[in-house]
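The lines below spell out each chain.
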Amino acid sequence: MADDYLVRIGKLIRDARQHRGWTQAQLAEALNTSQSAVNRIERGNQNISLEMIARIGEALDSEIVSLGYAGPMHLRVVGGRRLSGSIDVKTSKNACVALLCASLLNKGRTVLRRVARIEEVYRLLEVLNSIGVRTRWINDGVDLEIVPPAQLDMDAIDAEAARRTRSIIMFLGPLLHRMDHFKLPYAGGCDLGTRTIEPHMIALRRFGLDIAATEGLYHAEVARDVTPDRPIVLTERGDTVTENALLAAARSDGTTVIRNASSNYMVQDLCFFLEALGVKVEGIGTTTLTVHGVPTIDVDVDYSPSEDPVEAMSLLAAAVVTESELTVKRVPIEFLEIELAVLEEMGLDHDRSAEYAADNGRTRLIDLTVRPSKLEAPIDKIHPMPFPGLNIDNVPFFAAIAAAAQGKTLIHDWVYDNRAIYLTDLNRLGGRLQLLDPHRVLVEGPTRWRAAEMMCPPALRPAVVVLLAMMAAEGTSVLRNVYVINRGYEDLAERLNSVGAQIETFRDI
């Protein structure tokens, strides 16, 4: 949101508050936030989501402040339409949130190019703003500038925003270098079952971080005399676990070796960013990372995160399920090679352009044209593996693709406790999916999709899979409460409409 709009909205909020006779402290209490956060909002110095504007409007009984917001957002989908033309892949959601957390390492000015304008990013910006970090959208709202304060005000943290994103867990790595003790709200995000943070704790203890979890907060204490004296072996090859270890190692004086590290796309982007900060990282793209930390980072840095392979997979799946010819541009091929190999075996008809470099100069991109294909179910099951295997977040899209194929496909999502269960929501749209256990689902195709009205699943990728099936179903479907989709995709409905979909955004009156 441009600065002038933030200032104008801030003045509207101030005027409405004063008209009601409230102090900033009273409004802060009604919003369960801090007086300093309200002060920043009213001065136009804090990014603010439509949802927060709506809450302020409700508290102040002011329709002007609500800006027409009237409850959760829904999608009305007229299906059975073919897509055509071309569509660009946006920058990586998971890379962007990691880089926002990594900006806390730097005392200087950080500029991130083409940052994803999604709810997950907005939540992190609300948290950063609440603790004193100054952020603003520049270059017509395309890029993001981040300037940290000399001292972070952790007591003023926006707890509600923090609890709505699991990415907040990646504040631990940078914060342990900035203060000896602090509190952080529990991490939230998608409902994907029980996910312990113990692997994070095991890694970060080696840097002197001790965590006690009570009353919805992580209470952190840092022992300055503790540094890794041998390689850190991660007990889980997870993306955020690896990122947290990297963030801790970046400002740890000396050399840190991280083994069993994830080499996934967002981890590589973080490594490239750390190098731009002056931190040498060896082994990028492998499972052993050697980090040569620097105690102080104070540089002005300009970085372009790479494109999102999971969004690329989403767009590819949209073309497959709607039996369309569509060109998906700026596809990070290194992180989709296994998926495309599986789809080739299933019979996907497609062409690839020559490779070219992403704006970060490191990630390899292609343009991918997908055409209507007669797909056959794969012989082997579909299951995720750490990179360079089939991406964990791409597994749900194979449920929709398998439903378009001839035969039965076994999908084994062994990582998450209940995401496979959400895939059975496709049955309400005419799918034939049999849940074998909380991790395995058997998909039988081909499918004659039918329109339906239903609630959005509470997990990001299954929610998008349901939307894609609605696009393939003849008639009009309604997908209610799509906040979870907006967490991870920027203007998805509008962008799909640009290539022939018919999706209308609406709210209840």
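As a convention, each chain's residues are numbered from 1 in the sequence order in which they are written. Only residues with pLDDT of 70 or above have their local features reported here, since the model is predicted, and side-chain atom pairs are shown and tallied only from 80 upward, although totals for entire chains, interfaces and linings are computed over all residues. Each side-chain value is worked out from all heavy atoms of the structure, with water and hydrogens disregarded.

- As recorded by an unreviewed UniProt entry, the protein carries the name UDP-N-acetylglucosamine 1-carboxyvinyltransferase and is attributed to Streptomyces flavofungini.
- UniProt positions are given in the numbering used here, feature names are shortened, and annotations may be inferred rather than shown by experiment. Taken from UniProt, the Sequence similarities (unreviewed entry) comment for the protein reads in full: "Belongs to the EPSP synthase family. MurA subfamily."
- Taken from UniProt, the Pathway (unreviewed entry) comment for the protein reads in full: "Cell wall biogenesis; peptidoglycan biosynthesis."

**Notes on the overall build of the protein**
Okay, so step 1: What counts as a helix is a DSSP run of H or I of at least four residues, what counts as a strand is a run of E of at least two, and both are numbered from the N terminus. Within the protein one finds 19 helices and 23 strands.
Okay, so step 2: Note that the radius of gyration is over C-alpha atoms, with the globule rule given as 2.2 Å times the number of residues to the power 0.38. Against the globule reference of 23 Å for 509 residues, the protein gives a C-alpha radius of gyration of 23 Å, in line with a compact fold.
Okay, so step 3: Projected onto its principal axes, the C-alpha coordinates of the protein cover approximately 60 × 60 × 40 Å.
Okay, so step 4: Partly exposed residues are those whose accessible area sits between 20% and 50% of the maximum for their type, while under 20% is buried and over 50% is exposed, using a 1.4 Å probe and protein chains only. Of all 509 residues assigned to the protein, the portion counted as buried reaches 57%.
Okay, so step 5: It only takes one pair of heavy atoms within 4.5 Å for two residues to be counted as in contact. For the protein, contacts bridging at least 24 residues in sequence account for 73% of all contacts bridging at least 6.
Okay, so step 6: When the accessible surface of the protein is totalled, it reaches about 19,800 Å², and 47% of it is carbon and sulfur. Values of accessible area rely on a 1.4 Å probe in the Shrake-Rupley scheme; residue burial ignores everything except the protein chains shown.

**Let's talk about the packing of aromatic side chains**
Okay, so step 1: Put simply, two rings from Phe, Tyr or Trp (the six-membered ring, in Trp's case) pair if the centres are within 6.5 Å, and we call them stacked under 30 degrees between planes, edge-to-face over 60, tilted for the rest. On inspection of all chains with the given rule, the structure shows four aromatic pairs.
Okay, so step 2: Ring centres 4.9 Å apart and planes at 45° place the aromatic pair Tyr 186 and Tyr 218 in the tilted group. Separated by 32 residues along the polypeptide, Tyr 186 in the loop between strand 6 (181-185) and helix 10 (198-205) and Tyr 218 in strand 8 (residues 217-222) bring together distant segments of the chain.
Okay, so step 3: Seen in terms of ring centroids, Phe 335 and Phe 387 are 5.0 Å apart; in terms of plane orientation they differ by 45°. Their pairing is tilted. With a gap of 52 residues between them, Phe 335 in the loop between strand 14 (326-332) and helix 14 (337-346) and Phe 387 in the loop between strand 17 (364-371) and helix 15 (395-403) connect regions that are remote in the sequence.
Okay, so step 4: Of the residues examined, Phe 335 reaches a relative accessible area of 5% and is grouped as buried.
Okay, so step 5: Phe 387 gets classed as buried once you look at its relative accessible area, which sits at 14%.
Okay, so step 6: Only lysine NZ and arginine CZ atoms are considered, and such an atom sits over a ring when it is within 6 Å of the ring centre and within 35 degrees of the ring normal. One Lys or Arg, Arg 76, reaches over the ring of Phe 506 and ends 4.0 Å from the middle of that ring.
Okay, so step 7: Directly above the ring of Trp 137 sits Arg 117, whose terminal nitrogen or CZ lies 3.8 Å from the centroid.

**A few points about the layout of surface pockets**
Okay, so step 1: Of the grid points, spaced at 1 Å and generated over the protein atoms alone, those admitting a 1.4 Å probe that cannot get out make up cavities, while open sets with protein on both sides within 12 Å along at least five of seven lines make up pockets; any residue with an atom within 4 Å of a point is treated as lining. Grid points are joined across faces, edges and corners, and a volume is the space filled by probe spheres set on the points. Size it by volume and the second largest pocket reaches roughly 740 Å³.
Okay, so step 2: Contributing to the lining of the second largest pocket are 31 residues, with Leu 50, Met 73, Glu 119, Tyr 122 and Asn 486 lying nearest its centre.
Okay, so step 3: Broken down by secondary-structure element, the contributors of at least two residues to the lining of the second largest pocket are helix 4 (50-60), strand 1 (73-79), helix 7 (119-130), helix 18 (483-488), helix 19 (492-497) and strand 23 (502-507).

**A few points about the pattern of salt bridges**
Okay, so step 1: A carboxyl oxygen of Asp or Glu within 4 Å of a side-chain nitrogen of Lys or Arg is what we treat as a salt bridge. The full count for this structure, using the stated rule, is 30 salt bridges.
Okay, so step 2: Here the residues in one salt-bridge network are Arg 109, Arg 134, Arg 136 and Glu 145, joined through shared partners.

**Examining the nonpolar core**
Nonpolar side chains in soluble globular proteins tend to end up buried together.
Okay, so step 1: As used here, the term nonpolar core means buried Ala, Val, Leu, Ile, Met, Phe, Trp, Tyr and Cys residues forming a set that is joined through side-chain atoms within 4.5 Å. In this structure, Phe 171, Leu 479 and Ile 485 are the most contacted members of the largest nonpolar core, which totals 151 residues.
Okay, so step 2: Sorting elements by how many residues they give to this core places helix 17 (residues 460-472) first, with eleven residues.

**A few points about the sheet that holds strand 7 (residues 209-214)**
Okay, so step 1: Any two strands are treated as partners once DSSP identifies two or more bridges connecting them. Here we have three strands laid out as an open sheet, ordered 6-8-7, and antiparallel in their pairing. Since the sheet does not close on itself, it has two edges, and those belong to strand 6 and strand 7, each with one partner. Between one strand axis and the next, the sheet turns by 25° as a mean value, whatever way the strands run.
Okay, so step 2: With five bridges connecting them, strand 6 and strand 8 associate as antiparallel partners. Pairing of Lys 183 across the sheet is with His 219, part of strand 8. Axes here refer to lines fitted to C-alpha atoms; in helices the fit is confined to the stretch in contact. Angles between the N-to-C directions go from 0 to 180 degrees.

**Re the pairing of strand 4 (residues 134-138)**
Okay, so step 1: In the sheet, strand 4 pairs with strand 5 (residues 143-147) via five bridges, with the strands oriented antiparallel. Looking across to strand 5, one finds that Thr 135 is bridged to Ile 146.
Okay, so step 2: Here strand 4 hands over to strand 5 after four residues, with Asn 139 in that stretch at a positive phi of 55°.

**Here we look at empty space enclosed by the protein**
Okay, so step 1: Counted according to the given criterion, the structure contains three cavities of 30 Å³ or more.
Okay, so step 2: Within the residue set of the lining of the largest cavity, elements represented by two or more residues are helix 4, helix 7 and helix 8 (159-163).
Okay, so step 3: Element by element, the count of residues in the lining of the largest cavity is highest for helix 4, at three residues.
Okay, so step 4: Each residue gets one of three labels, nonpolar for Ala, Val, Leu, Ile, Met, Phe, Trp, Tyr, Cys and Pro, charged for Asp, Glu, Lys and Arg, and polar for the others, Gly among them. Tallied by class, residues from the lining of the largest cavity come to two nonpolar, one polar and seven charged.
Okay, so step 5: Computed from the structure, the second largest cavity encloses a volume of approximately 40 Å³.
Okay, so step 6: Taken together, the residues that form the lining of the second largest cavity break down as four nonpolar, three polar and two charged.

**Notes on the packing of helix 6 (residues 93-102) against helix 12 (residues 265-276)**
How two helices sit against one another is set out by the angle between their axes and by the gap between those axes.
Okay, so step 1: Taken N-terminus to C-terminus, the directions of helix 6 and helix 12 make an angle of 35°; their axes are 9 Å apart at the nearest point. Helix 6 and helix 12 meet at a crossing whose hand is right-handed. In contact with Asn 94, Ala 95, Ala 98, Leu 99 and Ala 102 of helix 6, helix 12 contributes Tyr 265, Met 266, Asp 269, Leu 270 and Phe 273.
Okay, so step 2: Its residues placed into classes, the contact of helix 6 with helix 12 shows eight nonpolar, one polar and one charged. By definition, any crossing whose near helix is turned counterclockwise from its far helix by less than a right angle is left-handed, and any crossing with a clockwise turn is right-handed.

**Description of the sheet that holds strand 1**
Okay, so step 1: Strand order in the open sheet made by the four strands is 21-22-1-23, with mixed pairing throughout. Looking at the sheet topology across the chains shown, the edges are occupied by strand 21 (453-455) and strand 23. For this sheet, the mean inter-axis angle between neighbouring strands, taken without regard to orientation, is 20°.
Okay, so step 2: Pairing analysis gives three bridges linking strand 21 to strand 22 (residues 475-480), with the strands arranged parallel. Bridge pairing in strand 22 places Met 455 opposite Arg 480.

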